[in-house]
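Listed below are the residues making up each chain.
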Amino acid sequence: MAPSVDRMVPLLVALLFLCLGAEAVDRSNFKTCEQSSFCKRQRELKPGQSPYRALLDTLELSDSRITLQLINDNNKVRLLLELYRLHGNMTRVKINELKPLKPRYEVPDVLITDPPTEPMTLVAQDENGLVLSLGVDEQRVIVSARPFRLDIVEGPTVLLSLNSRGLLTFEHLRLRKDTISHKITSTVGSMWDSIKSVFSSKHDADAEDGGGSENAEQAEDEDEQAVKEEEDKPGMWEETFKTHSDSKPNGPSSISLDFSFPGVDHVYGIPEHADTLKLRNTDGGDPYRLYNLDVFQYELHNLMALYGAVPVIISHNTERTMGIFWLNAAETWVDISSSTAGKMMDFVQGSSEVPQTDVRWISESGIIDVFVLLGPTPNDVFAQYASLTGTQAFPSLSTLGYHQCRWNYNDKEDVKTVDEGFDKHDIPCDFIWLDIEHTDGKRYFTWDPHKFAQPKEMLQGLMDKKRKMVAIVDPHIKVDSGYNINNEIRSKSFYVKTKDGADYEGWCWPGNSGYPDFTNPEMRAWWASKFAYDQYEGSMENLFIWNDMNEPSVFNGPEVTMHKDALHGSWEHRDVHNIYGLYVQKATSEGLIQRSGGVERPFVLTRAFFAGSQRYGAVWTGDNAAEWGHLKISIPMCLSLGLVGISFCGADVGGFFKHPSTELLVRWYQAGAYQPFFRAHAHLDTPRREPWLFGPDNTALIREAVRQRYALLPFWYQLFYNAYRTGQPVMRALWVEYPKEPATFVIEDEYLLGKDLLVHPVTDEGAKGVTAYLPGKGEIWYDVHTFQKHKGAQNLYIPVTMSSIPVFQRGGSIISRKNRVRRSSTCMENDPYTLYVALSPQGTAEGEIYIDDFHTFNFEKEKQFIHRHLHFSDNTLSSNNLAPDSNFSTAAWIEKVIIMGATQPTSISLIAADGTKSAVEFEFDSAASVLTLRKPGVNAGADWTVLLQ
């Protein structure tokens, strides 16, 4: 029997997708700056020739902002500059057309609130500029009039400059002359004469005001010529890439602004790129690109765009950390240039050799809306950014465990066999995942009627083991009149439209697909409702969601994504592209919350993301490969995400494409166990690689890595609670905690978890040793496996075997673990804690322990949690309540305390909360200087004190 068309379509789509690049990314599918007309135009501009001038007599100052008009002396188009001093040592700069032909897109839904402002005062003004006070540590804003330039200074030091290189550009919206109907040519001609007259009078007035001595007639000719030359540039009104045409009905609308950081030569951020932690100089090559794309088998150390885009750059030197948040959702390119700024800084610091980093942002549309985060410390910058876009969503404990995934587990019996395999081989696991093949013909919210005929029975089987499942729900909807999801979206007109108003359709996994308009809040509310248990047939409370392909991916679209002239209501896709994936995850997350009546925390993994995505769940680094280089690059990729607010990050353990060697697979498990999101995943065409399939020796190595992860779950959970509260990253670059140590500024093969664990995974094939930098002069680091003590501020060579995972605990810290590892995190919730106390050279240490019900919002709504401060000094260890108004109890207790760097006591006693005193058993290892207290037997949520005598 011939295969049906319905069955052939997915096969054809898969073949089409594989043709995009079977071995590596096909670069020809994706634009370079030279092929992106607006990027090419902007890059052709030369520094130092800014046509923009501030019209100081238009200054208006209110309690919340100042406004000032800027004029482009070439075409006389006026812009409106708005300047805000924000609470928390931030400054906001907005630039828009004063009178645009139509509104320009301003990104909604990313800021968690309208940022509170603080008043500015005018300090001085003359014909050359003005000075405003920011009211903090002698901070001033200096606005220079000709050419327009803005400097933020603190005392004699220039912190940051805007348009110091003169690369501000604002392509104003305009009518296209050659499309004007012949019937109204004479009318338009009259209008143009009037416009020229206005230009002439304006130019005369400007000349009187110091604008130049040219006569009006010459100015008219120059203005007309400038407009004509601009219109003649290729790609301004329409653009073709390969076989795809972009109609550009609004014409050129790109924007650009340059920023200079005097004294800085280290900048970080703007994920997602498979590149180094420290951002590279882009002189002579392409800029970094921010444009969410489905890049098949991406290359390493390439500035091409990937799946997500967070337009945040962080600058750092030994004196200060600052940030720039460029709030724009359109395609964006970022140029970075380092140079010596001696001449610029002579008048301020008397120096002839000062480093400087210049950053230039170029976006295709929208407005300039930029937040300057003035620090001065790394944690200040994190808090400032979090105050704008929110903090990392606080995940349930189980999501911090191990996740097992592949494309695809075949059927219900396959899932059961994999589940039982973890028990048989004594490897903990919390989640088993299902990819696209679990659905009925790639129709999301459905189950294959043959392979997964009884999903609730399967889910109940996992629930009985205290395990959970994740199923994929992608944002491309099969165009099928027999599919109720498609029919509802179409009937409600919720699909993205073409430029002509029809439903936009493209090819993805189901074949011909529609794309819901997630920018529409009504569409998002409808989507969220589909996760209700009575709507998503077969779902249960232990089923969670994975949003893939949400860049959005369109196999037959330009650059494997949506046409830019597609319509989301009145806005073009070009305006909203980078925020589409955030909206998908947001709607899905809200659906999971709603299905539980607002009680349960959701879990949603997304591939595409934007600023603010941290509020809705986790991300991963996409379709990596089973290669050592991809293992290495996972570290700077996740570190970069952590710097811009997204802490819940991981990479596919083992690599998605290709088949890892057993050595690579083991090393990847060891690295993944110490990264925030811990999931193994593999491509459909790769051999099965469940962790027990590589012989008993390798199974034992993988088991030990996963067990180390589970023992540390209390610490991971506390770190995520702090990330939720403060915005500080869970996985941190070393310089975040050691900002005055230049040796840490480019390190990307090791990292910190919080501030107390340093991890240096083994990422080289055949490695016999690694060299780890232990930061902190005068500090001590303890090997967590041997308790051996090492001094800080040194490079330490560490011999390694296949069982080695180099991890160090900072002297002066206390970390909690649960050493009774069970099949899942839920099974361990009430198990006892072991406290690891690592003494500083001064004999002190401190830490925290955080406990709640591990899965609901009651910690926030009902204040049902335990948060305690652990402190050791003067031979006394104590636990004190950090949240006296909270209300929660736990059955967990403290069964052991291990003190590293200790001296031998003669006796140890415990003073309980009620004042009773009892002796504590202990043993002392004099060779390792480790003191072990056995079974103090105190409740983990109680006040207690241990005295060493």
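### Things to note about the overall build of the chain
Inference 1: The helix and strand inventory of the chain stands at 18 helices and 53 strands.
Inference 2: Relative to the 2.2 N^0.38 estimate, which gives 30 Å for 949 residues, the radius of gyration of the chain is 30 Å and therefore close to what a compact globule would have.
Inference 3: Across its three principal directions, the C-alpha atoms of the chain cover 95 × 85 × 50 Å.
Inference 4: At a minimum sequence separation of 6, the contacts of the chain that also span at least 24 residues come to 71%.
Inference 5: Split by element, the accessible area of the chain, about 34,500 Å² in all, is 50% carbon and sulfur.
Inference 6: Mean positive and mean negative side-chain charge positions of the chain (93 and 126 charges, respectively) differ by 4 Å.

### Concerning the sheet that holds strand E51 (residues 921-925)
Inference 1: Across the sheet, 11 strands lie side by side as E50-E49-E53-E47-E46-E45-E43-E44-E48-E52-E51; this open sheet has mixed pairing. Because the sheet does not close on itself, it has two edges, and the strands there are strand E50 (917-919) and E51. When the angles between neighbouring strand axes are averaged without regard to direction, this sheet yields 20°.
Inference 2: Helix H16 (residues 713-726) rests against strand E43 (813-817), strand E44 (833-838), strand E45 (845-851) and strand E46 (866-873) of the sheet, and its axis sits at about 85° to E45.

### What about the nonpolar core?
Inference 1: Residues Trp527, Ile579, Tyr669, Leu753 and Ile899 are the most contacted members of the largest nonpolar core, which totals 211 residues.
Inference 2: The residues contacting isoleucine 579, other than those within four sequence positions of it, are Tyr105, Val107, Pro108, Val110, Ala329 and Phe610.
Inference 3: Ile66, Leu160, Ile270 and Val370 belong to the second largest nonpolar core, which has 50 residues in total.

### Let's talk about the side chain of asparagine 486
Inference 1: In this structure, asparagine 486 sits in helix H9 (residues 484-491).
Inference 2: Of note is the side chain of asparagine 486, whose polar atom sits 3.1 Å from the backbone oxygen of aspartate 480.
Inference 3: A polar side-chain atom of asparagine 486 sits 3.3 Å from a polar atom in the side chain of asparagine 487.
Inference 4: Apart from residues no more than four positions distant in its own chain, asparagine 486 is found in contact with Ile477, Lys478, Val479, Asp480, Ser481 and Tyr495.

### Comments concerning unusual backbone geometry
Glycine aside, the phi torsion of most residues is negative, and most peptide linkages are trans.
Inference 1: That bond from arginine 146 to proline 147 is cis: its omega, -10°, falls within 30 degrees of zero.
Inference 2: Structurally, proline 147 is set in the loop between strand E8 (139-144) and strand E9 (149-154).
Inference 3: Residue proline 376 follows glycine 375 across a cis peptide bond; omega there is 15°.
Inference 4: Assignment of secondary structure puts proline 376 in the loop between strand E21 (368-373) and helix H6 (378-389).
Inference 5: Of note in the backbone geometry, lysine 442 takes a positive phi value of approximately 65° without being a glycine.
Inference 6: For lysine 442, the position within the fold is in the loop between strand E23 (431-434) and helix H8 (455-464).
Inference 7: Here lysine 442 falls in the buried class, since its relative accessible area comes to 10%.

### Describing H8
Inference 1: Those residues of H8 not exposed but buried are Pro455, Met458, Leu459 and Leu462. For H8, the angular spread of buried residues about the axis comes to 95°, placing them on one side.
Inference 2: In the core, the buried residues of H8 are packed alongside helix H7 (412-424), E23, strand E24 (468-472) and strand E28 (543-547).

### Here we look at the packing of helix H13 (residues 628-643) against helix H14 (residues 662-672)
Inference 1: At a minimum axis distance of 10 Å, the contact between H13 and H14 shows a crossing angle of 10°. Here H13 lies roughly parallel to H14, going by the angle between them. On H14, the residues touching Trp628, His630 and Leu631 of H13 are Glu663, Leu664, Arg667, Trp668 and Ala671.
Inference 2: Residue composition of the contact of H13 with H14, grouped by class: five nonpolar, one polar and two charged.

### So, the confidence of the model for the chain
Inference 1: Summing up the model confidence of the chain, the mean pLDDT is 92 and the portion of residues at 70 or higher is 91%.
Inference 2: Overall, residues 1-22 carries pLDDT values under 50, and its contacts beyond four positions in sequence, including any with other chains, amount to 28 contacts.
Inference 3: Across residues 341-351, confidence stays below pLDDT 50; counting only partners more than four residues off in sequence or on other chains, it has 24 contacts.

### Some points on the sheet that holds strand E37 (residues 757-759)
Inference 1: Reading across the sheet, the six strands line up as E35-E36-E37-E42-E39-E40 and stay open at both edges, with antiparallel pairing between neighbours. Here the strands that pair on one side only, and so sit at the sheet edges, are strand E35 (731-732) and strand E40 (789-791).

### Regarding the packing of aromatic side chains
Inference 1: Summed over all chains, the structure comprises 47 aromatic pairs.
Inference 2: One aromatic cluster is present, built from ring pairs that chain together Phe431, Trp433, Phe544, Trp546, Phe603, Trp620, Phe648, Phe677 and Phe720.
Inference 3: If you follow arginine 679 out to its NZ or CZ, it ends over the ring of tryptophan 620, 5.0 Å from the centre.
Inference 4: The cationic tip of arginine 817 hangs over the ring face of tyrosine 836; the distance from NZ or CZ to the ring centre is 4.4 Å.

### Overview of the pattern of salt bridges
Inference 1: Counted by the stated rule, this structure contains 59 salt bridges.
Inference 2: The shortest N-O distance in the salt bridge between arginine 41 and glutamate 171 comes to 2.8 Å. Of this pair, arginine 41 sits in helix H2 (residues 37-44) while glutamate 171 sits in the loop between strand E11 (169-170) and helix H3 (185-211), placing them 130 residues apart in sequence. Both residues of the pair, arginine 41 and glutamate 171, count as buried.
Inference 3: Salt-bridge contacts for aspartate 440 lead to arginine 443; the nearest nitrogen and oxygen are separated by 3.7 Å.
Inference 4: By relative accessible area, which is 31% here, aspartate 440 ends up partly exposed.
Inference 5: Judged by relative accessible area, which is 12%, arginine 443 ranks as buried.
Inference 6: What emerges from the salt-bridge pattern is a single network uniting Asp246, Arg289, Glu331, Glu364, Glu559, Lys564, Glu572 and Arg574.

Cut-off values and rules
Residues numbered from 1 in each chain as written. Predicted model: local features only at pLDDT ≥ 70, side-chain atom pairs only at ≥ 80, totals over all residues. Heavy atoms only, no water. Helix = DSSP H or I, 4+ residues; strand = E, 2+ residues; numbered from the N terminus. Rg over C-alpha atoms; globule rule 2.2 N^0.38 Å. Contact = heavy atoms within 4.5 Å. Areas by Shrake-Rupley, 256 points an atom, 1.4 Å probe, with all protein chains shown as cover. Lys, Arg positive; Asp, Glu negative; His and termini not counted. Charge placed at Lys NZ, Arg CZ, Asp CG, Glu CD. Pairing = 2+ DSSP bridges. Axes fitted to C-alpha atoms, helices over the stretch in contact; angles between N-to-C directions. Core = buried A, V, L, I, M, F, W, Y, C linked by side-chain atoms within 4.5 Å. Buried < 20%, exposed > 50% of the residue type's maximum accessible area, 1.4 Å probe, protein only. Polar contact = N/O pair within 3.5 Å; in protein donor to acceptor, adjacent residues only side chain to side chain. Arc of directions from axis to C-beta. Parallel < 35°, antiparallel > 145°, perpendicular 65-115°, else oblique. Nonpolar A, V, L, I, M, F, W, Y, C, P; charged D, E, K, R; others polar. pLDDT = per-residue confidence, 0-100. Phe/Tyr/Trp six-rings, centres within 6.5 Å; stacked < 30°, edge-to-face > 60°. Lys NZ or Arg CZ within 6 Å of the ring centre and 35° of its normal. Salt bridge = Lys/Arg side-chain N within 4 Å of Asp/Glu carboxyl O.

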